[in-house]
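Chain and residue survey
Read off the chains here:
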Amino acid sequence: KTPMAGPTTRARAIWVADRLTALPEVWALIALHLGLVGAWRLMLVCKAARVGAKDFLKTLPGLFVCGGDIFLGGKAVEQVWRLDLATLRWQVMPALAEVRSDHACCAVRNGLVVIGGCASEGGVMVTVEMLAEGGGVFTGQPPLTCDGIAGAVAIVTDESDSAAGQVHLLGGYGADDESVSTVYLVDLATGVCTP
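Scope of this entry: the structure provided in the associated data block. (Residues numbered from 1 in each chain as written. Predicted model: local features only at pLDDT ≥ 70, side-chain atom pairs only at ≥ 80, totals over all residues. Heavy atoms only, no water.)

1. A few points about the overall build of the protein chain
On a plain count of helices and strands, the protein chain comes out with 3 helices and 13 strands. In the protein chain, the proportion of contacts linking residues at least 24 apart, taken out of those at least 6 apart, comes to 40%. On the protein chain, roughly 11,600 Å² of surface is accessible, and the fraction owed to carbon and sulfur atoms is 60%. (Helix = DSSP H or I, 4+ residues; strand = E, 2+ residues; numbered from the N terminus. Contact = heavy atoms within 4.5 Å. Areas by Shrake-Rupley, 256 points an atom, 1.4 Å probe, with all protein chains shown as cover.)

2. Looking at the side chain of Asp187
Along the chain, Asp187 turns up in strand E12 (residues 184-187). Buried charge without a salt bridge: Asp187, with Arg109 as the nearest opposite-charge side chain at an N-O distance of 7.9 Å. Among the polar contacts made by the side chain of Asp187, one reaches the main-chain amide nitrogen of Ala189 at a distance of 2.9 Å. (Buried < 20%, exposed > 50% of the residue type's maximum accessible area, 1.4 Å probe, protein only. Lys, Arg positive; Asp, Glu negative; His and termini not counted. Salt bridge = Lys/Arg side-chain N within 4 Å of Asp/Glu carboxyl O. Polar contact = N/O pair within 3.5 Å; in protein donor to acceptor, adjacent residues only side chain to side chain.)

3. Observations concerning the sheet that holds strand E5 (residues 104-108)
What the 4 strands build is an open sheet, ordered E5-E6-E8-E9; its pairing is antiparallel. Two strands bound the open sheet, and with one partner strand each, they are E5 and strand E9 (139-141). Going across the sheet, the axis of each strand differs from the next one's by a mean of 30°, ignoring polarity. As paired strands, E5 and strand E6 (residues 111-115) are joined by 5 bridges and run antiparallel to one another. Looking across to E6, one finds that Ala104 is bridged to Ile115. (Pairing = 2+ DSSP bridges. Axes fitted to C-alpha atoms, helices over the stretch in contact; angles between N-to-C directions.)

4. Description of helix H2 (residues 24-42)
Between its first and last C-alpha, H2 extends only 11 Å over 19 residues, short of the 27 Å set by a 1.5 Å rise per residue. Along H2, the helix axis deviates most sharply at Gly35, where the bend reaches about 135°. (Expected span 1.5 Å × (residues − 1). Bend = angle between axes of the 7 residues up to and from the residue.)

5. Some details on helix H3 (residues 47-57)
Inspection of H3 places Ala48, Ala49, Gly52, Ala53, Phe56 and Leu57 among the buried residues, and these make up the whole buried set. In an axial view of H3, the angular spread of the buried residues amounts to 165°, which keeps them on one side of the axis. (Arc of directions from axis to C-beta.)

6. Notes on the layout of surface pockets
In this structure, the largest pocket spans a volume of roughly 390 Å³. Lining the largest pocket are 16 residues; nearest its centre among them are Pro61, Phe64, Ala107, Asn110 and Gly111. Only E5 and E6 provide two or more residues apiece to the lining of the largest pocket. The biggest single contributor to the lining of the largest pocket is E5, with 3 residues. Here the lining of the largest pocket is built from residues that sort into 9 nonpolar, 5 polar and 2 charged. Looking at the second largest pocket, its volume works out to about 160 Å³. Residues belonging to the lining of the second largest pocket are distributed by class as follows: 5 nonpolar, 3 polar and 3 charged. (1 Å grid on protein atoms, 1.4 Å probe; cavity = no way out; pocket = protein on both sides within 12 Å on 5 of 7 lines; lining within 4 Å. Points joined across faces, edges and corners; volume = space filled by probe spheres on them. Nonpolar A, V, L, I, M, F, W, Y, C, P; charged D, E, K, R; others polar.)

Structure representation (structure tokens):
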């Protein structure tokens, strides 16, 4: 028997490209570099791209919406929702322990932290709540040592110095409705605010 000749170089290149683009793992890597919007665009390319993009999207933590107030009624709410970025479906999460609006929140150590805000009956809050990963309820943390703050932004920082993590609180306003110009480093384990 005579050995069969391999495919031509061009045909071999097409064969390799076909096999490579059929792997969802390749599309997951591409989605990683394209980000959230790019991953959703990849879903329109082919079945393997859709599978790969969904695999990437499942690794993202989701988008949380917690508390706040109903615009038309002005009523504060305690509901918490999570948007699954792989399915674009909302999931109901455990409710906040305290009804609040105009609060800061961020993800710290795979948990959700809610800081300060305005109480439903008015007044600026000093309380902090945390929903641990896989937790079924928000738990109270030590209150802020600085005055209550609302309308601030929380940004997670290097957490190696704290048992529960640290955040920076930027901006917002205090109980006197005056703008807060100090940036605070807040230790979530103790509630200590360091300017």
